[in-house]
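Now for the letters of each chain:
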Amino acid sequence: MTENKITATSGIACYSPGLAGIPAAESSISYVDGQHGYLEYRGIDIEQLAEHSSFEETAWLLLYGTLPTADELAAFDKELRHHRRVKFRIRDMMKCFPESAHPMDSLQATVAALGMYYPFPKSEKGRLDPKTAHQVCVNLIAKMPTLVAAHARMRHGDDPIAPRDDLSHAANFFYMLTGEEPYPLTERIMDVALIVHAEHTMNASTFSTLVVASTHADPYSSISAAIGALAGPLHGGANEDVLHMLDEIGSVEAADAYLNNKLSKKEKISGLGHRVYKTKDPRATLLQKLYVELTEKMGSDPTYEIARHIEELSKSTLGSKGVCPNVDFYSGIVYRKLGIATDLFTPIFAVSRVAGWLAHWKEQLGDGRLYRPNQIYRGLRDQTYVPIEKR
Ligand SMILES: CC(=O)SCCNC(=O)CCNC(=O)[C@H](O)C(C)(C)COP(=O)(O)OP(=O)(O)OC[C@H]1O[C@@H](n2cnc3c(N)ncnc32)[C@H](O)[C@@H]1OP(=O)(O)O
Ligand SMILES: O=C([O-])CC(=O)C(=O)O
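Residues numbered from 1 in each chain as written. Chains lettered and ligands numbered in written order. Predicted model: local features only at pLDDT ≥ 70, side-chain atom pairs only at ≥ 80, totals over all residues. Heavy atoms only, no water.

A. Highlighting the pairing of strand β2 (residues 38-41). As paired elements, strand β1 (residues 30-33) and β2 share four bridges and run antiparallel to each other. In the sheet register, Ser30 faces β2, and the bridge partner there is Tyr41. Where β1 folds back onto β2 in an antiparallel hairpin, the turn is made up of four residues, including Gly37, whose phi is positive at roughly 70°. Strand direction decides the pairing type here: β2 and strand β3 (residues 44-45), joined by two bridges, are antiparallel. The partner of Glu40 across the bridge, within β3, is Asp45. Here β2 folds back onto β3 in antiparallel fashion, the turn holding two residues, of which Arg42 has a positive phi close to 50°. (Pairing = 2+ DSSP bridges. Helix = DSSP H or I, 4+ residues; strand = E, 2+ residues; numbered from the N terminus.)

Next up, the structure:
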């Protein structure tokens, strides 16, 4: 059989597993310097945005390329507040989901369902009509927090909490999740977490958005696909796994043995490593600072000490490979400190990242081409069909 195996390589320039290092688009939305641990949205350092911006303003920056004027920001904020509610039929549909459903699965399904209620005009598929595109962006950015919070409550038999239009995006999300209006520090921390997760070049979920969008499928399908990709433990799902890992380790004293055991079995440590960063992810540094800020008011807890110890230990075992904490390493520790359930960490990531996904969707609609890469065929050729009785 092996002699019949052939490799058809015609037209294939090169093959890079996981498309590592292969540009999949030209984009002007964000920039990463993976050697120095540097990230910019539209040319602005993420640290400056974390310090001075809000999620609403950052979302506009990503979507429209420049910081909004005061009037633009006020109008955008008003639109977002206005579109937070979701139709009761969507909530009824969610009531039928299993209580054990993972919130990312619920979010993926409900975002796909939104597309049935807000059909994308067929005449505009593949052509950017700025007004329609803007409406899609507002609808998804405004409604995704409501969908996440509604599922989080309904799975416990509680009624969803209606969004409030007197609260900021971050404060309203926290309020719908917990039933409590956040303290100013909590609101700021949620806001910064949303800012720093909003965009990250050609990551797997953004690429998924673009692959689906490139067929001129509707944007809700594209974002639903992106949510599916983000959920995986090698991508956004790692923020949940980090907390499971830290809980499993249980104490600083047990961290060394845990790490060595994992590495001896060649298993990956959640929250460490990145395709692009070969140093500590700047977002991990920012999220760690947020946690420290929180502890000044609320005290620290052992989970953080275990995480810090893992980071220290990994410097000697994995540092030479450039494997360092990524954005998912410290985010869950922050969310847990705010009283948020572990399986909601990745949905929070999605609520933020939808801004980046939509910015890429808009950018590609302008002049994108169908994604249709090649493959290296390694199967059989010229086989003859054998009738079933002769096999
Ligand atoms: C928002 C985000 O998506 S951030 C990433 C979230 N994902 C995680 O935290 C999951 C854990 N990390 C990983 O699985 C990986 O680092 C990924 C998937 C993020 C990146 O993977 P790749 O770019 O394909 O790197 P690759 O797997 O080739 O790793 C290169 C080397 O570093 C090692 N390595 C990478 N990550 C880790 C890790 N988390 N733990 C231990 N070793 C690791 C690999 O074993 C490999 O070693 P080798 O050269 O001796 O074989
Ligand atoms: O860029 C990546 O591959 C993953 C990542 O950090 C992100 O999406 O935020």
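B. Seen up close, the site of ligand 2. Lining the immediate environment of ligand 2, one finds His200, Asn203, His235, His274, Arg283, Phe349 and Arg353. Between His200 and ligand 2, the recorded distance is 2.7 Å, taken from a side-chain N or O atom to an oxygen atom. Take His274: an N or O atom from its side chain is 2.7 Å from an oxygen atom of ligand 2. Protein contact buries 86% of the 270 Å² of open area that ligand 2 shows by itself. Its residues assigned to classes, the shell around ligand 2 comprises one nonpolar, four polar and two charged. (Near = heavy atom within 4 Å. Polar contact = N/O pair within 3.5 Å; in protein donor to acceptor, adjacent residues only side chain to side chain. Areas by Shrake-Rupley, 256 points an atom, 1.4 Å probe, with all protein chains shown as cover. Nonpolar A, V, L, I, M, F, W, Y, C, P; charged D, E, K, R; others polar.)

C. How the structure looks around the site of ligand 1. Around ligand 1, the structure places 20 residues, and the nearest of them are His235, Ile269, Gly271, Leu272 and Arg275. For ligand 1, whose unbound accessible area comes to 920 Å², protein coverage reaches 69%. When grouped by side-chain class, the residues that make up the shell around ligand 1 number 10 nonpolar, six polar and four charged.

D. Structural context of the pattern of salt bridges. What the rule picks out here adds up to 14 salt bridges. Two residues, Arg188 and Asp191, come together in a salt bridge whose shortest N-O distance is 3.7 Å. You can see Arg188 and its partner Asp191 sitting in helix α8 (residues 184-196), three residues apart, about one turn around the helix. The class of Asp191 is buried, set by a relative accessible area of 10%. Through salt bridges with shared partners, a single ionic network connects Arg164, Asp166 and Glu181. (Salt bridge = Lys/Arg side-chain N within 4 Å of Asp/Glu carboxyl O. Buried < 20%, exposed > 50% of the residue type's maximum accessible area, 1.4 Å probe, protein only.)

E. The arrangement of the side chain of Asn139 in detail. If you trace the backbone, Asn139 turns up in helix α6 (residues 130-154). Excluding residues within four positions of it along the chain, Asn139 makes contact with His83, Tyr118 and Tyr220. (Contact = heavy atoms within 4.5 Å.)

F. Here's a closer look at the side chain of Ser352. Following the sequence through the fold, Ser352 ends up in helix α16 (residues 345-367). Residue class for Ser352 comes out buried when judged on its relative accessible area of 0%.

G. Looking closely at the domain arrangement of the chain. Domain boundaries assigned for the chain yield domain 1 (30-233 + 343-367) and domain 2 (238-337). Taking only C-alpha atoms into account, the centre of domain 1 sits 26 Å from that of domain 2. Carbon and sulfur atoms make up 69% of the surface buried where domain 1 meets domain 2, a total of about 2200 Å² over both sides. Counting the surface domain 1 buries against domain 2, the share from its top three residues, Leu185, Ile189 and Phe345, is 28%. For the pair domain 1 and domain 2, the number of links is zero salt bridges. The interface formed by domain 1 and domain 2 holds six residue pairs in polar contact (both at pLDDT 80 or more) in total. Elements supplying a minimum of two residues to the side of domain 1 that touches domain 2: β1, β2, α1 (46-52), α8 and α16. Its residues assigned to classes, the side of domain 1 that touches domain 2 shows 14 nonpolar, nine polar and four charged. (Domains from an automatic or database assignment. Buried area = accessible area lost by both parts, 1.4 Å probe.)

H. Representation of the sheet that holds β2. If you trace the three strands from one edge of the open sheet to the other, you get β1-β2-β3, paired in antiparallel fashion. In this open sheet, the two strands that pair with only one neighbour each are β1 and β3.

I. Seen up close, the UniProt feature "active site" (unreviewed entry) in the chain. Under the local residue numbering, the UniProt record ascribes the feature "active site" (unreviewed entry) to His274 and Asp328. Considering the C-alpha atoms alone, the annotated residues occupy 55 residues of sequence yet fold into one spot, their largest mutual distance being 10.4 Å. Those residues within four positions of His274 in sequence are excluded, and the remaining contacts are His200, Asp281, Arg283 and Asn326. One polar contact links the side chain of His274 to the main-chain amide nitrogen of Val276, over a distance of 2.9 Å. The topology assignment puts Asp328 in helix α15 (residues 327-337). If near-sequence neighbours (up to four positions away) are discounted, Asp328 is found in contact with His235, Gly236, Ala238, Asn239, Val242 and Phe349. (UniProt positions renumbered as here; feature names shortened; annotations may be inferred.)

J. How the structure looks around the environment of Ile22. As for its placement among the helices and strands, Ile22 is situated in the segment before β1. By relative accessible area, Ile22 is classed as partly exposed at 36%. Sequence separation of Ile22 and Pro182 is 160 residues, and the distance between their C-alpha atoms is 43 Å. In contact with Ile22, not counting residues within four places along its chain, are Cys14 and Ser16.

K. Just the packing of aromatic side chains, in detail. Applying the stated criterion to the full structure yields nine aromatic pairs. Here the aromatic residues Tyr291, Tyr304, Phe329 and Tyr330 are joined through ring pairs into a cluster of three or more. Positioned above the aromatic ring of Tyr175 is the side chain of Arg164, whose terminal nitrogen or guanidinium carbon lies 5.0 Å from the ring centre. (Phe/Tyr/Trp six-rings, centres within 6.5 Å; stacked < 30°, edge-to-face > 60°. Lys NZ or Arg CZ within 6 Å of the ring centre and 35° of its normal.)

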